[in-house]
Amino acid sequence: MNNHKVLIIDDEPISRRITKNFLSQIEGYEVIGEASSANEGFPLLLKHDIDLIFLDIEMPEINGLDFLRSIANPPKVIIISAYREYAIEGYDLNVVDYLLKPVALERFQLAIQKFEDAAPNRKQLKKYLDEFLFVRSDRKHYKIDFDQVVFIESKGDYLYIHQQDENIKTKETISRIEQKLPEQFIRIHRSYIVNMNHVKALNKEFVEIGDEMLPVSKSFRESISKIFE
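Asker: Give a detailed account of the sheet that holds strand 8 (residues 149-155), specifying residues and quantitative values.
Answerer: One open sheet holds the 5 strands; their spatial order is 10-9-8-12-11, and the pairing between them is antiparallel. In this open sheet, the two edge strands, each paired with only one partner strand, are strand 10 (167-170) and strand 11 (185-189). In this sheet, neighbouring strand axes are inclined to one another by 20° on average, regardless of whether the strands run parallel or antiparallel.

Set out below in structure tokens:
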């Protein structure tokens, strides 16, 4: 099972260290990044698919609650703060739990249990992962139905997912997304992956798909040749 990906945002190094130490004692959690301010944490949130944020409130520049309000569709959040007076405001923002510093391990474990009770059951979701995936674009996660994907194109630093109804641009690598695709998708070029369910015609040099003629590179011709065996 994949680990829950965690981001820690707290301006106190000791508090960040304690949070990481507690998490290291609980199976299934991976600290993807840590930050000493909301401004420092925001790029990490955009870069990674974060499941859970441990968030302080009183920090330089932007406090944690204002940071939380600024995020569209935020991950689950557990607040760790030395200030009791923000608790009601925190729960109004639908945080999982509100921990007061210094945090005892037993209380931390209870917060983790609340998170796991609130998080989607990954075993229940697994059967749907064969039908779609989510990609990040314009600060949102777009659901991509595999059946709707015609082909995928890598261009510069971006990936273009060409669908029947719309195209999605995402900052992703073609090799990484290839690993997430079901077997009807075939890599024909370093820049192209095609959905065989939408292919009109093909040979060892070109694939006709939708309104496009896509080249087959020499290094991927073996994949095409297997189709004719």
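Asker: Describe the side chain of histidine 189, with residues and values.
Answerer: Looking at the secondary structure, you find histidine 189 in strand 11. On the basis of relative accessible area, histidine 189 is assigned to the buried category, the value being 18%. A polar side-chain atom of histidine 189 sits 3.0 Å from the main-chain amide nitrogen of serine 191.

Asker: Explain the packing of aromatic side chains to me, using residue names and the numbers behind them.
Answerer: Counted under the stated rule, the structure contains 9 aromatic pairs. In textbook terms, an aromatic cluster arises when at least three aromatic residues are bridged by ring pairs, as seen for Phe22, Phe54 and Phe108. Stacked on the ring of tyrosine 158, the Lys or Arg lysine 171 has its end atom at 4.9 Å from the ring centre.

Asker: How would you explain the pattern of salt bridges if you had to name every residue and give the values?
Answerer: This model, assessed by the stated rule, comprises 14 salt bridges. Lysine 101 is the salt-bridge partner of aspartate 10, the closest N and O atoms lying 3.1 Å from each other. Here aspartate 10 is found in the loop between strand 1 (4-9) and helix 1 (13-24), whereas its partner lysine 101 is found in the loop between strand 5 (97-100) and helix 5 (105-118), with 91 residues between them in sequence. With respect to burial, aspartate 10 and lysine 101 carry one shared label: buried. Across the salt bridge formed by arginine 69 and aspartate 66, the nearest N and O atoms sit 2.7 Å from each other. With arginine 69 and aspartate 66 both in helix 3 (residues 64-69), this residue pair falls 3 residues apart, about one helical turn. Members of the salt-bridge network, linked through shared partners, are Asp10, Glu12, Asp56 and Lys101.

Asker: A description of the pairing of strand 11 should follow, citing residues and the corresponding values.
Answerer: Within strand 11, 5 of the 5 residues are buried, which leaves the element mostly enclosed by the surrounding structure. Taken together, the 4 bridges between strand 11 and strand 12 (residues 192-195) define a ladder with antiparallel strand orientation. Pairing of isoleucine 186 across the sheet is with valine 194, part of strand 12. Between strand 11 and strand 12, which pair antiparallel in sequence order, lie 2 residues.

Cut-offs used in this document
Residues numbered from 1 in each chain as written. Predicted model: local features only at pLDDT ≥ 70, side-chain atom pairs only at ≥ 80, totals over all residues. Heavy atoms only, no water. Pairing = 2+ DSSP bridges. Helix = DSSP H or I, 4+ residues; strand = E, 2+ residues; numbered from the N terminus. Axes fitted to C-alpha atoms, helices over the stretch in contact; angles between N-to-C directions. Buried < 20%, exposed > 50% of the residue type's maximum accessible area, 1.4 Å probe, protein only. Polar contact = N/O pair within 3.5 Å; in protein donor to acceptor, adjacent residues only side chain to side chain. Phe/Tyr/Trp six-rings, centres within 6.5 Å; stacked < 30°, edge-to-face > 60°. Lys NZ or Arg CZ within 6 Å of the ring centre and 35° of its normal. Salt bridge = Lys/Arg side-chain N within 4 Å of Asp/Glu carboxyl O.

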